[in-house]
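# Observations on the model geometry
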Amino acid sequence: MAKVTDIVLWDKPGERVLLLGNHAIARGALEGNIAVFAAYPGTPSSELTDTMAAVAKKAGVYMEYSTNEKVAFETALAAAWSGLRAMTAMKHVGLNVAMDSFMTASYMGVDGGLIVMVADDPSMWSSQNEQDTRAIAKNAGIPVLEPSSVQEAKDMVKYAFEVSEKYGQMVILRTTTRSSHMRGDVVLGELPEEIRKAKRKFGNFKKNPERYVDIPAFQRKKHPWLLETVEKFREEFSENPFNWIEGDENAKVGIIAPGLSYAYVKEALAWLGVENVKLLKLGTPYPVPYGLLEKFFDGLERVLVVEELEPVVEEQVKVWAYDKGLRIPIHGKDIVPRVFEMTTKRAVEAVAKFLGMETPIDFEEIDKKYEKVSKIVPPRPPSLCPACPHRNTFYAIRRAATPRAIFPSDIGCYTLGVLPPLKTVDTTIAMGGSIGMAHGLDVALNGVPGEEERKTGKEKKIIVATIGDSTFFHTGLPALANAIYNRSNVVIVVLDNLVTAMTGDQPNPGTGDTPHGPGKRILIEEVAKAMGADFVKVVDPYDIKATEKAIKEALAVEGVSVVVSRQPCALYRIGQMRRAGEKWPIYHVIEDKCTGCKICINAYGCPAIYWDAEAKKAKIDPTMCWGCGGCAQVCPFGAFEPMEEGE
Amino acid sequence: MREYNIVITGVGGQGILTAANLLGWAALRAGYKVRVGEVHGMSQRFGSVIAYVRFGEDVYGAMVPEGKTDVILSFEPVEALRYINYLKKGGLVFTNARPIPPVQVSMGLATYPSLEEMRKIIEEDFEGKFMAFDAEELALKAGNIVTTNVVLIGALTQTPGFPLSAEHVREVIKVSVPPKTIDVNMKAFDLGVKAAKEMLGL
């Protein structure tokens, strides 16, 4: 088990390795001779981005952590317009951020191959919705490749570069949480010489305003080109290595399975012991190749489309069949659920229903037995880490600003502040949304700034927004400008833990590091001052009292206040300390001093602190304490102290 | 062999994904087709975590379906119970016996079931075998609590019908861990093997 970054760079064609889907895509990008990679991290796409960051220098690839997905897309697009192979990666909702440029770029095409890797999240394992990128791609007229295995995830990248260049159009590589976060066996391919020798590639931008300028007169000529290109891809995809027909060619029933659904259908058929079925495996859910449908439908009397989320393939198949005059039953979302991810169980149930069979085991019986279990298993939602600086900031905010305060928040680990006992998150909507929401609430609840009717004193609602450092740079900046410009009266607390923590500790403008060495660091407080915030202060949340005081000061100011609560992410810091062999203080409870008031549990809620029901005292799990000392500041009785060496 | 299915459960941060990756490599090195299913991101922050390791000729998807798991390997007792619907009839549960009470339990909003309650449900309702042992203590005995995952893997190799040999898995771990930690990991592995042998009466 070698290091992933080593494997991705291995010059060992034919070697069989175990790779995560996202790692395999990084390897595919190198095999495909990528020149530029730009992305903003987002689960479930982040490991691709991080792997590219780790190998960039050694492979002669330019890689950047862009400030958001739109900027990342434009960076990659410019490379592709200069004839270089480029890639950007994002989670599904990241495509919404990039959408403005994405939808228009589709009219303009590319010179170098451009891959937009979009990782969807059916079941919302770490996302706010389960939008289906395939449906968006259809709207944009951009072809989609979707792997059914880790091997395909790698192989599709090189192919995607090639077809992107062949037809001069960008291509989406769509994964899901399961295909991005699935490890599977992969046979490595050849690495091109430029990658092996880390040779930097330079582009050549040929001026062509009719193509690269999007004034209406130019764009009107290009929309027909976009539609013609979709049809060229449709033809191309009838013969490609990721689409095929298998199974019983004389069968009367057929199943169509795009992307990872193919894997589940294969298992379902084996488990059910069914052989007399024809199967269409699709690696290109959009555009569905009509040539292949022609062959597949030959002799069939009934068809089932097994796909996750939206009926993207089903609808294309039905339109084609209708136009052909085919009137056989085509099933899809009437049998296969439209919400949440595909599983083998779901595939088995769908195929069994379609074929009029019993499932091989009684899933209902398992569910029934499990009812008893779900009643006694305590919930264990994710929580802020021990020593997480966000917990201290939230605790200080609650002390400074309740009970009249409303707390808009944002996307990051700190969204977990919604859970008890902190409950300092009242709204979240999208990256950067906290500041716009704070401003909107101020206007809606307190009235127009400067007007006599505006609420004051106890009538006025207090609004304290929280936003992370990376999120601040991502989409917080325009919202802050808006709030200041429109004379809002809100407090914005920037939870600056000096890293993009939730997605895996990536650098951002606030840290100043880049994969190619030192970048230029941007200080959040300087940005706030330059924009004209009425109050700006930097605090250390490990000092809870000082943080509380700063928020109170900010609340007293008419206007926009920005408090930067700065302390490194505890998980990141502890990881670094562990690797360096450093130690940190571990706290424990002095039993005589603990009165059992439970403030530390019911108001502060560090996961290292638990309740000893027998002793009726708080206790600390020493293996989980990361030594911030917050508990000692929260306890009114001084019951928490750092342990002496050897205790 | 058509398929062998392992489910690994526990609390985010316990080393579940490392264990899954080690087992995946061991299966790969034995020549099998392999699938490992994981969830990354927010749920890793001290939440409940499940990973799947599958190998054999007939594995395609990354997740083991409900009712088809040969062994559940759990880093924390109640996390084994939470995913018990994945166990097949006659399947085996190996769990570290030391509970990590969720914050909700400390706050008095939920209760933590006893090991005996868990055993009863697993053995009577789900017709599985439940084996709880203090893997963390064995890891400490080996020299480092972070080797709990290797103790559990050691125990796993003793499961009747487990398709990989203990020697093979041990060797893969040996070449995978940082050189400085080989000794403590090998000790942890052997202690896990020994504990399982005792529990299974081998």
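Preceding block: the structure.
Residues numbered from 1 in each chain as written. Chains lettered and ligands numbered in written order. Predicted model: local features only at pLDDT ≥ 70, side-chain atom pairs only at ≥ 80, totals over all residues. Heavy atoms only, no water.

### A look at the overall build of chain A
Heads up, the rule is: Think of it this way: any DSSP run of H or I at least four residues long counts as a helix, any run of E at least two long counts as a strand, and we number them from the N terminus. Every radius of gyration here is taken over C-alpha atoms, with the globule rule written as 2.2 Å times N^0.38, N being the number of residues. Remark: exposure states derive from per-residue accessible area (1.4 Å probe, protein chains only) relative to the maximum for the residue type, with buried under 20%, exposed over 50%, and partly exposed in between. Only heavy atoms enter the contact rule, under which two residues are in contact if any of them lie within 4.5 Å. Note on areas: these come from Shrake-Rupley sampling with a 1.4 Å probe, and a residue is covered only by the protein chains present in the view. Counted as positive: Lys and Arg. Counted as negative: Asp and Glu, with His and the chain ends omitted from the count. We put the charge of a Lys on NZ, of an Arg on CZ, of an Asp on CG and of a Glu on CD.
Of the regular secondary structure elements, chain A holds 24 helices and 24 strands. Its C-alpha atoms give chain A a radius of gyration of 28 Å, within 12% of the compact-globule value 26 Å for 647 residues. In terms of its C-alpha atoms, chain A occupies a principal-axis envelope of roughly 80 × 65 × 60 Å. Residue burial in chain A is summarised as follows: out of 647 residues, 61% are buried. Look at the contacts in chain A between residues 6 or more apart in sequence, and 78% of them connect residues 24 or more apart. For chain A, the accessible area works out to roughly 25500 Å², and carbon and sulfur atoms hold 53% of it. Taking the average place of the 77 positive charges on the side chains of chain A and the average place of its 83 negative ones, the gap between the two points comes to 3 Å.

### Re the environment of Phe 363 of chain A
Within the fold, Phe 363 of chain A resides in helix α16 (residues 363-376). Sequence separation between Phe 363 of chain A and Val 490 of chain A is 127 residues; the distance between their C-alpha atoms is 52 Å. Excluding residues within four positions of it along the chain, Phe 363 of chain A makes contact with Trp 271, Lys 345, Val 348 and Glu 349 of chain A together with Glu 66 of chain B.

### Focus on empty space enclosed by the protein
Stated formally: Site definitions follow a grid-based scheme: protein atoms alone, a 1 Å grid, a 1.4 Å probe that fits but cannot get out for cavities, and for pockets an open set with protein on both sides within 12 Å along at least five of seven lines, plus lining residues having an atom within 4 Å of a point. Grid points are joined across faces, edges and corners, and a volume is the space filled by probe spheres set on the points.
Here the structure, examined in full by the defined rule, presents six cavities of 30 Å³ or more. Taken together, 22 residues line the largest cavity, and the ones lying closest to its centre are Pro 381, Pro 382, Ser 383 and Pro 607 of chain A together with Val 103 of chain B.

### Quick notes on the sheet that holds strand β2 (residues 36-39) of chain A
Residues and elements named next belong to chain A. Here is the rule we go by: Between any two strands, at least two bridges found by DSSP are needed for them to pair. Lines are fitted to the C-alpha atoms to define the axes, a helix being fitted only along its stretch in contact, and any angle between axes, read from their N-to-C directions, falls within 0 to 180 degrees.
Pairing in this open sheet of six strands is parallel, and the strands run β3-β2-β4-β5-β7-β6 from one edge to the other. The strands lining the two open edges of the sheet, one partner per strand, are β3 (62-65) and β6 (144-145). In this sheet, strand β7 (residues 171-176) lies alongside β6 in parallel orientation, the contact comprising two bridges. Counted as the bridge partner of Val 144 is Ile 172 from β7. The sheet strands contacting helix α5 (residues 92-108) are β4 (86-91), β5 (114-120) and β7, and the helix crosses β4 at an angle near 130 degrees. Sheet contacts for helix α7 (residues 150-167): β4, β5, β6 and β7; angle to β7, the most-contacted strand, approximately 165 degrees.

### Digging into the packing of helix α6 (residues 148-156) of chain B against helix α8 (residues 182-200) of chain B
All names here are of chain B. Heads up, the condition is: When an angle is under 35 degrees it counts as roughly parallel; over 145 it counts as roughly antiparallel; between 65 and 115 it counts as roughly perpendicular; any other value is oblique. Each crossing is labelled by how the near helix is turned from the far one, with a counterclockwise turn of less than a right angle marking it left-handed and a clockwise turn marking it right-handed.
With their axes 7 Å apart at the nearest point, α6 and α8 run at an angle of 45 degrees to one another. When the interaxial angle is binned, α6 and α8 end up oblique. Considering the relative orientation of α6 and α8, their crossing is right-handed. Contacts between α6 and α8 involve Val 150, Val 151, Ile 153, Gly 154 and Ala 155 from the former and Asn 185, Ala 188, Phe 189, Gly 192, Val 193 and Ala 196 from the latter.

### As for the nonpolar core
The condition is simple: Joining through side-chain atoms within 4.5 Å is the link that ties buried Ala, Val, Leu, Ile, Met, Phe, Trp, Tyr and Cys residues into a set, and such a set is a nonpolar core.
In terms of nonpolar packing, the biggest core is built from 115 residues, with Ile 255 of chain A together with Ile 8, Ile 84 and Phe 94 of chain B touching the most fellow members. Tallying contributions element by element places helix α1 (residues 16-29) of chain B first for this core, with 10 residues. Discounting residues that sit within four places of it in the chain, Ile 8 of chain B has contacts with Ile 16, Ala 19, Ala 20, Leu 23, Val 49, Ile 50, Ala 51, Val 53, Leu 73 and Phe 75 of chain B. In terms of nonpolar packing, the next biggest core, distinct from the first, is built from 87 residues, Ile 397, Val 539, Cys 631 and Cys 635 of chain A among them.

### Side note on the packing of aromatic side chains
The condition that has to hold: Only Phe, Tyr and Trp rings take part, Trp by its six-membered ring, and two of them pair if their centres are within 6.5 Å. Stacked means planes under 30 degrees apart, edge-to-face means over 60, and tilted covers everything else. Two conditions define a charge sitting above a ring: the NZ of Lys or the CZ of Arg must be within 6 Å of the ring centre, and it must be within 35 degrees of the ring normal.
Scanning the entire structure with this criterion turns up 19 aromatic pairs over all chains. Ring geometry for Tyr 395 of chain A against Tyr 604 of chain A: centres 5.6 Å apart, planes inclined by 90 degrees, an arrangement best described as edge-to-face. Pair noted here: Tyr 395 of chain A is in helix α17 (residues 389-401) and Tyr 604 of chain A is in helix α23 (residues 599-604), with a separation of 209 residues, a long-range link. You'll find Tyr 395 of chain A and Tyr 604 of chain A in the same group, each marked buried. Ring centres of Tyr 52 of chain B and Tyr 86 of chain B lie 5.8 Å apart, and the angle between their planes is 65 degrees; this geometry places the pair in the edge-to-face category. Placement of the pair is Tyr 52 of chain B in strand β3 (residues 48-56) and Tyr 86 of chain B in the loop between α2 (77-82) and β5 (87-96), with a sequence separation of 34 residues. Here Tyr 52 of chain B matches Tyr 86 of chain B in class, with each residue buried. Pairwise contacts between aromatic rings join Tyr 4, Tyr 32, Phe 55 and Phe 162 of chain B into one cluster. The ring centre of Tyr 290 of chain A lies 4.1 Å from the NZ or CZ of Arg 234 of chain A, which sits over that ring. Taking the ring centre of Tyr 604 of chain A as reference, the NZ or CZ of Arg 391 of chain A above it sits at 5.8 Å.

### Here's the deal with the interface of chain B and chain A
Heads up, the rule is: Here's the idea: put two parts together, see how much 1.4 Å probe accessible area each one loses, and the total over both is what we call buried area. Should a side-chain nitrogen of Lys or Arg be within 4 Å of a carboxyl oxygen of Asp or Glu, the pair is scored as a salt bridge.
Between chain B and chain A, the contact holds 66 residues from the first and 64 residues from the second. With both chains or domains summed, chain B and chain A bury close to 6000 Å², and 62% of this area falls on carbon and sulfur atoms. Scanning the region where chain B abuts chain A turns up eight salt bridges. As a salt-bridge pair, Arg 54 of chain B and Glu 267 of chain A come within 2.6 Å of each other at their nearest N and O atoms. Breaking the side of chain B that touches chain A down by element, the ones donating at least two residues are α1, β2 (33-37), β3, α2, α3 (103-106) and α4 (115-125) of chain B. Per-element tally for the side of chain B that touches chain A: the top contributor is α1 of chain B, with six residues. The sheet contact formed by strand β8 (residues 182-187) of chain A and β2 of chain B spans three bridges and is antiparallel. By the bridge assignment, Gly 184 of chain A is partnered in β2 of chain B with Arg 35 of chain B.

### Some thoughts on the sheet that holds strand β11 (residues 278-282) of chain A
Strand pairs in the sheet, formed through backbone hydrogen bonds, run parallel or antiparallel to each other. All names here are of chain A. In spatial order, the strands read β9-β11-β10-β12-β13; together these five strands make up an open sheet with mixed pairing. Two strands close off the open sheet at either side, each with one partner strand: β9 (244-247) and β13 (330-331). As defined by bridge partners, strand β10 (residues 253-258) adjoins strand β12 (residues 302-305) across four bridges and the pair is classed as parallel. Directly across from Val 253, in β12, lies its bridge partner Arg 302. Contacts from helix α12 (residues 261-272) reach β9, β10 and β11, with the element oriented near 140 degrees to β10.

Shape descriptors only; they carry no functional weight alone.
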